[in-house]
Amino acid sequence: MSIIRGRRAHRKMATRDALQRAALELVRSRDPDSVTVEEICARAGVSPRTFFNYFASKEEALIDWDAEIDAFVTSAVAKRPASESPLRAIRAVLGSAVADAMGMELWQDRLELIREQPGLIGRFVAVMGSVQRALAAGVSRRTGLASDHLYVELTAAASVAAIRTAIQAWTDAPDGTDPARLIDDAFAYLESGLAPPGGSQAGLAPPGGDG
């Protein structure tokens, strides 16, 4: 039975990937508004009914986010060692995960698409909002503060801003730039109290050797 479940999960993942790839290919070659769900399904070799088993809209297929990821992020942040600050816990959980995702071809295509099609920024902002809420829930658990406490919300918002800024810097950087380094440097700036590079503020060291 476990083998059958494993095969089904593999097929579902393959179908999801095929729909995402088809949506990206079609939208990158045309105006996004002119691409229909039916065309995406035809390219992926599935029915429109199957499409809506995975995604609620075309935009969601282009820039998807699984609710299970939010649950994982919340739990992982909450369970990091108590010796870590909330910001360091978030840095540990998201740094490597986001950097790994950014190294994948599908993610690179999505980021390029967002840059080419500003109309998709709204969907990207919605995904980042979901990440921020998941982070806030994790910080709330590890601190005992309410999820709407100013400290909790500010920590989550600053972390998302660091990731978003690092992603933007990576899309504008020369080929070969390490996304993990950019994310790590962004969080290091936050942890330093946003001290300027070069250590111009006494007692605050610049992050990661960034000059």
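**A closer look at the packing of helix H8 (residues 121–143) against helix H9 (residues 150–172)**
Next up, step 1: At a minimum axis separation of 8 Å, H8 and H9 run at an interaxial angle of 135°. Taken together, the axis directions place H8 and H9 in an arrangement best described as oblique. The way H8 lies across H9 gives a crossing that is right-handed. The segment H8 lies against H9, with Phe124, Met128, Val131, Gln132, Leu135, Ala136, Val139, Ser140 and Thr143 engaging Tyr151, Val152, Glu153, Thr155, Ala156, Ala157, Ser159, Val160 and Arg164.
Next up, step 2: Broken down by class, the residue content of the contact of H8 with H9 amounts to 11 nonpolar, five polar and two charged.

**Some points on the side chain of Arg91**
Next up, step 1: Here Arg91 shows up in helix H6 (residues 86–102).
Next up, step 2: A residue is classified by how much of its surface remains accessible, and Arg91, at 15% relative accessible area, is buried.
Next up, step 3: Only 2.5 Å separates the side chain of Arg91 from the side chain of Glu191, close enough to count as a polar contact.
Next up, step 4: Every residue in contact with Arg91, bar those within four places of it in the chain, is listed here: Asp184, Phe187, Ala188 and Glu191.

**What to know about the packing of helix H5 (residues 67–79) against H8**
Next up, step 1: One can describe the packing of H5 onto H8 by two numbers: an axis separation of 7 Å at closest approach and a directional angle of 30°. The angle between H5 and H8 falls in the class roughly parallel. Crossing of H5 against H8: the hand is right-handed. For the pair formed by H5 and H8, the contact residues are Asp70, Val73, Thr74, Ser75, Val77 and Ala78 on the first element and Ser130, Val131, Ala134, Leu135, Ala137, Gly138, Val139, Arg141 and Arg142 on the second.
Next up, step 2: Residue composition of the contact of H5 with H8, by class: eight nonpolar, four polar and three charged.

Reading the values: the criteria
Residues numbered from 1 in each chain as written. Predicted model: local features only at pLDDT ≥ 70, side-chain atom pairs only at ≥ 80, totals over all residues. Heavy atoms only, no water. Axes fitted to C-alpha atoms, helices over the stretch in contact; angles between N-to-C directions. Helix = DSSP H or I, 4+ residues; strand = E, 2+ residues; numbered from the N terminus. Parallel < 35°, antiparallel > 145°, perpendicular 65-115°, else oblique. Left-handed = near helix turned anticlockwise from the far one by under 90°. Contact = heavy atoms within 4.5 Å. Nonpolar A, V, L, I, M, F, W, Y, C, P; charged D, E, K, R; others polar. Buried < 20%, exposed > 50% of the residue type's maximum accessible area, 1.4 Å probe, protein only. Polar contact = N/O pair within 3.5 Å; in protein donor to acceptor, adjacent residues only side chain to side chain.

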